[in-house]
Amino acid sequence: RPERFAGLLAGLGEAAASLDRTDGLRILCASGRILHVRPSGNAPELRLYVEADTPEAARDLLARGRRALGAALEDRAPRSPDASPEGAEKVQVKWP
């Protein structure tokens, strides 16, 4: 349901046209741009891929998408009291 991601996309100046959950979550925006979020197959991380009409637009969308995705995960993820060796907090996220 594209409306579930309306808030996230609105912050990016985008609106969802369709969703594909075949390999993570691929959002086709009404502008024709694409955001694709998927879990890594070999590392404990999420990957964000974007497509846009120019390299500059793709870089901009990627930077804004990373900030928006990070903020969304921070808002929803429970914090672990364990700290990594670098002193950063661990964030645990359940993938739907």
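The sections below set out a description of the structure shown in this document.

### Things to note about the side chain of Ser 40
No. 1: Note on placement: Ser 40 falls in the loop between β3 (34-39) and β4 (46-51).
No. 2: Under the relative-accessibility criterion, Ser 40 is labelled buried at 11%.
No. 3: At 3.2 Å, the side chain of Ser 40 forms a polar contact with the side chain of Arg 47.
No. 4: Not counting chain neighbours up to four residues away, the residues in contact with Ser 40 comprise Glu 45 and Arg 47.

### Digging into the sheet that holds strand β2 (residues 25-29)
No. 1: Spatial strand order, β1-β2-β3-β4: four strands in an open sheet with antiparallel pairing. Among the strands making up the open sheet, the edge pair consists of β1 (16-20) and β4. Looking at each pair of strands side by side, their axes are set apart by 15° on average, direction ignored.
No. 2: In terms of strand pairing, β2 meets β3 through four bridges, oriented antiparallel. Looking at β3, one finds that Leu 25 is bridged to Val 37.

Parameters at a glance
Here the residue index of a chain counts from 1 through its sequence in written order. Confidence filtering applies because this is a predicted model: local features only for residues at pLDDT of at least 70, side-chain atom pairs given and counted only at 80 or more, and all residues used for totals across whole chains, interfaces and linings. Only hydrogens and water are set aside; all other atoms, that is, all heavy atoms of the structure, feed into the side-chain values. Think of it this way: any DSSP run of H or I at least four residues long counts as a helix, any run of E at least two long counts as a strand, and we number them from the N terminus. The classification of residues rests on relative accessible area computed with a 1.4 Å probe and restricted to protein chains. Under 20% of the type maximum is buried, over 50% is exposed, and intermediate values are partly exposed. In protein, a polar contact requires one atom able to donate a hydrogen and another able to accept it; more generally it is a pair of N or O atoms within 3.5 Å, and residues adjacent in sequence count only if both atoms are side-chain atoms. Residue contacts are defined here by distance: any two heavy atoms, one from each residue, within 4.5 Å place the two residues in contact. A strand pair is defined by DSSP finding two or more bridges across the two strands. Every axis corresponds to a line fitted to the C-alpha atoms, with the helix fit spanning only the stretch in contact, and the corresponding angles, defined between N-to-C directions, vary from 0 to 180 degrees.

That's the geometry; what it means functionally is another story.
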